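A structural walkthrough
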Amino acid sequence: MTTIELDNQYVMHTYGRLPVVFVRGEGCFVYDDTGKEYLDFLAGIAVNGLGHCPPKVVEAICNQAATLMHVSNLYYIAPQAQLAKLLADLSGMSKAFFCNSGAEANEAAMKIARKATKMAGHPEKTEIITALDSFHGRTLAAITATGQPKYQKYFAPLPPDYKYVPYNDVEALKAMAGARTCAIMMEPVQGESGVHPATPEFLRTARELCDQLGAALIFDEVQTGLGRTGRVFGYQHFDVVPDIMTLAKTLGGGFPIGACLAKGKYADVFEPGDHAATFGGNPLACAASIAAVTEIVEGGWVENATKVGAYLMEQLATLPGVTEVRGLGLMIAAELEKPVAKDIVTKALSKGLILNATSDNVLRFVPPLIVTEDLVDKAIAIIREVQQ
Ligand code: PLP
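Here's a quick rundown of the structure. This structure is a prediction, so every number in the text was calculated from the model and none was measured.

Description of the sheet that holds strand β11 (residues 244-247)
Judged by pairing direction, the sheet is mixed, and its 7 strands sit side by side in the order β4-β12-β11-β10-β7-β5-β6 without closing on themselves. Since the sheet does not close on itself, it has two edges, and those belong to β4 (95-99) and β6 (162-165), each with one partner. Neighbour-to-neighbour, the strand axes of the sheet open up by a mean angle of 20°, direction not taken into account. Where β4 meets strand β12 (residues 258-262), 5 bridges bridge the pair, whose relative direction is antiparallel. For F97, the partnering residue across the bridge sits in β12 and is C260. Across the sheet, helix α4 (residues 78-91) is in contact with β4, β11 and β12; its angle to β4 comes to roughly 125°. The sheet strands contacting helix α9 (residues 200-213) are β6, β7 (181-186) and β10 (216-220), and the helix crosses β7 at an angle near 160°.

See below:
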């Protein structure tokens, strides 16, 4: 049986897969099982920040795999402690909990916020406010936090006490927050809904409300974190520091790892028994992440995201039928006049360019942070060609 036949028969159909089997990757390119080359402007959906098989991450994984892959979190793990310090130094947070994905990181964040209000003697403060059109992952609590009914509709009953405000609606946020607010959780730039940056005023208001109400400000930086927006963390564009921050995607340079970082009183909320993940923070994932984060920050790739991101935005604006280009760094969307985004994605794939459509009218671009202006030119030429 071919890979596609095997998959169709034995893998649950949770993804609308395109008919390509990728078998190898290097830098900004991946190769399918016929040897065909593809320029990757999706990067595993903002995961392969350093491109495919980045040498320093590969080396760290190989060395660590040959040394120690897994031990229980009942013991101290050197790469885990080192990664926690590295992230604390970079982020302004003080402690980390490690897990395996973005949804899990958000679960940890929401559990910290809920426990913190109980520890403060306010068990009635249980409401978590998130934004409409947000995306926070697929566990039951994460789809509940995700303000999109289409992800929730088959899975009721959902955990109670979640409320949703229109993103960037300051007055709605002020009206909704109150004595029962436990946390406000926001993406600094909404990704899945088509790349919508927050307004500084919206995030500032969220910060002020949390301070007034004794609630936790959580930033979901699963997609925006680690250089994607042209800063190490998305929040740095807005001068608003959260209490809790979640990371995943680029954090492992392609290896699965998630993290929930917290500061102040939130850093010390969890005690033994409150939360855990068998694989969370294992030596292999942490070694990969230390190599990836160090290279992203020291290799100049955050600055490259700003520079090449600006060039990509400029070039996208020259394409016919593009009505708006928005984003930060290398997290960019092009809004199209006509509902042809999915058609462009399919045709571009056949020409060797991997793109993504977040809706019929929106193309999303999250290429590796190591992408060059020449590769942007190549991608734009392919899009121009398939638009004809
Ligand atoms: N949060 C944000 C902002 C995301 O973009 C995603 C995934 O796209 C998630 C959370 C969920 O991450 P994961 O799929 O690793 O659980």
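Having seen the model, we can carry on.
Quick look at the nonpolar core
Residues F41 and F365 are the most contacted members of the largest nonpolar core, which totals 93 residues. Counting the residues that make up this core, at least three belong to each of domain 1 (3-54 + 300-387) and domain 2 (57-298). In this structure F365 touches F41, L312, L316, L330, M331, I332, A334, L355 and I383, once residues within four positions along its chain are discounted. Of all hydrophobic cores here, the second largest spans 25 residues; its members include F97, A105, A108 and Y266.

Observations regarding the state of the cysteines
Tallying each qualifying case throughout the model produces 0 disulfides. Looking at the unpaired C182, the closest cysteine sulfur is the one in C210, lying at 9.4 Å. In this structure C182 comes out as buried when scored by relative accessible area, which is 1%.

Comments concerning unusual backbone geometry
P157 follows A156 through a cis peptide bond whose omega is 0°. As for its placement among the helices and strands, P157 is situated in the loop between α7 (149-152) and β6. Positive phi outside glycine occurs at A46, with the angle close to 65°. Inspection of the secondary structure puts A46 in helix α2 (residues 43-46). Positive phi, normally seen in glycine, also occurs at L226, with a value near 65°.

Conventions adopted
- Residues numbered from 1 in each chain as written.
- Predicted model: local features only at pLDDT ≥ 70, side-chain atom pairs only at ≥ 80, totals over all residues.
- Heavy atoms only, no water.
- Pairing = 2+ DSSP bridges.
- Helix = DSSP H or I, 4+ residues; strand = E, 2+ residues; numbered from the N terminus.
- Axes fitted to C-alpha atoms, helices over the stretch in contact; angles between N-to-C directions.
- Contact = heavy atoms within 4.5 Å.
- Core = buried A, V, L, I, M, F, W, Y, C linked by side-chain atoms within 4.5 Å.
- Buried < 20%, exposed > 50% of the residue type's maximum accessible area, 1.4 Å probe, protein only.
- Domains from an automatic or database assignment.
- Disulfide = S-S within 2.5 Å.

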